[in-house]
Amino acid sequence: METPRQQQSPAPHLPLSARLKTTLYILGTLVLFVFSIDLLVSALQNLGKPAAETIIMATSNPFTALFIGLLITAMIQSSSTTTTLVVAFVASGSITLESAIPIIMGANIGTTITSTIVSLGFINKKKEFRRAVAAGTYHDFFNILTVIILFPLEYYFRFLSDTSEYITQRFFSFPWINAESLPSGWSGFTPAVDFLIRLIPSGFVLAVLSFGLLFVSIVLFRQLISRLLMASSPERFSRFFFRNTWKSFFWGLLTTAAIRSSTITTSVVVPIVAQKIITLRKAAPFILGANIGTTVTAFIAATLNVNSSSAISIALVHFLINFFGVLVFYPVPFLRQIPLGLANRLGRLTLRYRLVGFVYILTVFFFIPFSLIYLNKDSVETIRMNFRYTNHETTDQAAIAVTLKQPSGNKSGEWLMYRSAENAPEEIIVVYRRNNMLMINKEMFLFNKTGYCWDGENAQGKYKCCVETILPSLSVSQGPAFDSVYVFRREYYQAPDSVIQRLYISRDYPVILKYTNQTGNRVTVTEEVTGISRD
């Protein structure tokens, strides 16, 4: 004999017209989603120099980028929107993979605010409120602990960026596809996008418009799926999704991947746990599965830019963050208990102080991010350099402007290269410095003794690089002299022995002060600094 709670009414059967309407609604939101991404990438590529530098400045400090991602996601309550926006930024070249990773981490924390807010709806029911807060904040603590582990690994060892780039090159590199022949995004909306670019020449206005369309498409889709899920009773929902650990995990993954919103699936769990239909321990695998399933949105956005390996890499980063979090905190019983224990402890605290939940939300999602962003607003150092390019064979000359953005006290950063004073940067070069090693767009330079050599590879082929000499100083025509300038000699294995490249790099600043290309005894190309200043 079933109890009243266990008795279920048969699921309503939707008429054909209603099912057709729902299908068209879903397809419409998907088309709007794809169009908004295509428009956003094009808009970002048309941003002017001030807007481009503002974006780079905001994300140059990884700590600031982390809290920007957290704050934006908490305010719009949609990590799907934030991660899709980040993929578009990376695909357009507005920010680098390394700058985008902290934003993704922050978005992973910010997305948990919705389930925590849902738990506050039980504040007038004391015991249910305790369980609801525990269920709502379990996702918070899991993602916060994951970021605490992975952020230092990425900051000091480039763990996520190197892993994602390796996977991209190993499994998502298709040699039979000519990347140069591919469009910058999915070509289906190219006529409409080109029309809007002609109609609205401002890249900033187009970016705002495309962001609005992107947000609307995700919200509309979320509302539809939320109504469909709520049409089923909590008991039926729990019996179907939470029978065992593995089934719970994979249903969380699959349903979230299908609806592209962990916000919905994790929020549905809160009232089920609050009403004691299932325990938080049984709901945890479903939440972890949902955490991985939500990464499908970034993959959808990345597939629209298959010629951008960085876009695919940042989508992989989103997956890797959540995947490694599950590997660390779920298989081992002791570690599995940490986020559960923290969530339950906060839940018990709400039995004594009802306002704890509100204080927690305001502190974690708003006060801390706002404070740290403000405190780090002047933490990025800007160095502006002017270069003169000379082709000695044709006597052609050109001016190149480079802006170096780096966190104060950190020798890593990004170069923004300009061929025109007004346009957005043509190229963003990642500079990574640790101890005696300097990486410039994957090319390694070692500050070692004279005669020390190593092998490397770039777009021109495999080469041998050696420390040829160390200059005590090198003067710049319109700027200071640089001490301890290393002269690196580079020779390619496939090129004639008479071709030699020399790069003059300061030990104290991640800057190539001078570059020469020499054939035999004749220098054919020179690039050298003509002026340098700091903001």
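All values reported here derive from a predicted model rather than from experimental measurement. (Residues numbered from 1 in each chain as written. Predicted model: local features only at pLDDT ≥ 70, side-chain atom pairs only at ≥ 80, totals over all residues. Heavy atoms only, no water.)

1. Comments concerning the packing of aromatic side chains
Worth spelling out the cut-off: Each Phe, Tyr or Trp ring (for Trp, its six-membered ring) is paired with any other whose centre lies within 6.5 Å, and the angle between the two planes then decides the class: stacked below 30 degrees, edge-to-face above 60, tilted in between. Per the convention used, a helix needs a DSSP run of H or I reaching at least four residues, while a strand needs a run of E reaching at least two, with both numbered from the N terminus. For the exposure calls, accessible area comes from a 1.4 Å probe over protein chains only, and a residue counts as buried if that area is under 20% of its type's maximum, exposed if over 50%, partly exposed in between.
Under the defined criterion, the tally for this structure stands at 23 aromatic pairs. On the numbers, 6.0 Å between centres and 70 degrees between planes, the contact of Phe 142 with Phe 329 is edge-to-face. Of this pair, Phe 142 sits in helix 7 (residues 126-157) while Phe 329 sits in helix 16 (residues 309-329), placing them 187 residues apart in sequence. For the pair Phe 242 and Phe 286, a centre-to-centre distance of 5.1 Å together with 55 degrees between the ring planes defines the contact as tilted. In this pair, Phe 242 sits in the loop between helix 11 (234-241) and helix 12 (245-259) while Phe 286 sits in helix 14 (residues 280-293), placing the two residues 44 residues apart along the sequence. Accessibility expressed as a relative area gives 7% for Phe 242, which makes it buried.

2. Observations regarding the pattern of salt bridges
We apply this condition: A carboxyl oxygen of Asp or Glu within 4 Å of a side-chain nitrogen of Lys or Arg is what we treat as a salt bridge.
Tallied over the entire structure, the rule returns 8 salt bridges. Put simply, Glu 98 and Arg 158 hold a salt bridge, and the shortest N to O gap is 3.2 Å. With a gap of 60 residues between them, Glu 98 in helix 5 (residues 97-110) and Arg 158 in the loop between helix 7 and helix 8 (159-171) connect regions that are remote in the sequence. When its relative accessible area of 9% is taken as the criterion, Arg 158 is described as buried. Through salt bridges with shared partners, a single network forms among Glu 468, Arg 489, Glu 491 and Arg 502.

3. A word on helix 13 (residues 262-274)
The criterion, for reference: The span expected for a helix works out to 1.5 Å for each residue beyond the first.
Counted at 1.5 Å a residue, the expected span for helix 13 with its 13 residues is 18 Å, and the 19 Å between its end C-alpha atoms agrees. Across the 13 residues of helix 13, 12 count as buried, placing the element largely inside the fold. All buried positions along helix 13 are accounted for by Ser 262, Thr 263, Ile 264, Thr 265, Thr 266, Ser 267, Val 268, Val 269, Val 270, Ile 272, Val 273 and Ala 274. With its phi angle positive at about 65 degrees, Lys 276 sits one or two positions after the end of helix 13.

4. Focus: the side chain of Ser 313
Note the cut-off: Under this definition, polar contacts are N or O atom pairs within 3.5 Å; protein pairs additionally need one hydrogen-donor-capable and one acceptor-capable atom, and for neighbouring residues in sequence, both atoms have to be side-chain atoms. Contact criterion: two residues are considered in contact whenever any of their non-hydrogen atoms come within 4.5 Å of each other.
Positionally, Ser 313 belongs in helix 16. According to the relative accessible area criterion, Ser 313 is buried, its value standing at 2%. A distance of 2.9 Å separates polar atoms of two side chains, one belonging to Ser 313 and the other to Thr 168. If near-sequence neighbours (up to four positions away) are discounted, Ser 313 is found in contact with Leu 97, Ser 164, Glu 165 and Thr 168.

5. A word on the nonpolar core
Rules: Here, nonpolar core means buried Ala, Val, Leu, Ile, Met, Phe, Trp, Tyr and Cys residues that are tied together by side-chain atoms lying within 4.5 Å of each other.
The biggest cluster of nonpolar side chains holds 93 residues, and the ones touching the most others in it are Met 105, Tyr 138, Leu 160, Phe 242, Leu 280, Ile 314 and Phe 365. When residues of this core are assigned to their parent elements, the largest contribution, 12 residues, is made by helix 7. Apart from residues no more than four positions distant in its own chain, Leu 160 is found in contact with Ile 101, Met 105, Leu 150, Glu 154, Val 317, Leu 320, Ile 321 and Phe 324.

6. Some details on the pairing of strand 11 (residues 512-519)
As a reminder of what qualifies: Two strands form a pair only when DSSP identifies at least two bridges running between them.
Of all 8 residues that make up strand 11, 6 are buried, and the element is covered over most of its length. With 7 bridges joining them, strand 10 (residues 499-506) and strand 11 adopt antiparallel strand pairing. Each bridged residue has a counterpart across the sheet, and for Arg 502 the counterpart in strand 11 is Thr 516. The antiparallel hairpin formed by strand 10 and strand 11 contains 5 residues in its connecting segment. Between strand 11 and strand 12 (residues 522-534), which follow one another and run antiparallel, lie 2 residues, and Gly 520 among them has a positive phi close to 65 degrees.

7. Thoughts on the confidence of the model for the protein chain
As a reminder, the rule being used: Per-residue confidence from the predictor is reported as pLDDT, which spans 0 to 100.
Predicted confidence across the protein chain gives a mean pLDDT of 81, with 82% of residues reaching 70 or more. This model gives residues 1-12 a pLDDT under 50, and the stretch forms 12 contacts once residues within four places in sequence are excluded. Confidence drops under a pLDDT of 50 for residues 175-187, and excluding neighbours within four residues, the segment shows 15 contacts in the predicted structure.

8. Quick look at helix 8
Using the following cut-off: As used here, the arc belongs to the directions running from the helix axis to the C-beta atoms.
An ideal rise of 1.5 Å per residue puts 18 Å on 13 residues; helix 8 measures up with 18 Å between its terminal C-alpha atoms. The set of residues buried in helix 8 consists of Leu 160, Ser 161, Ser 164, Glu 165 and Thr 168. Taken end-on, helix 8 shows its buried residues confined to a sector of 120 degrees, consistent with a single buried face. Opposite its buried face, helix 8 presents the exposed residues Tyr 166, Gln 169, Arg 170 and Phe 171, each directed more than 90 degrees away. Its buried side turned inward, helix 8 meets helix 5, helix 7 and helix 16.

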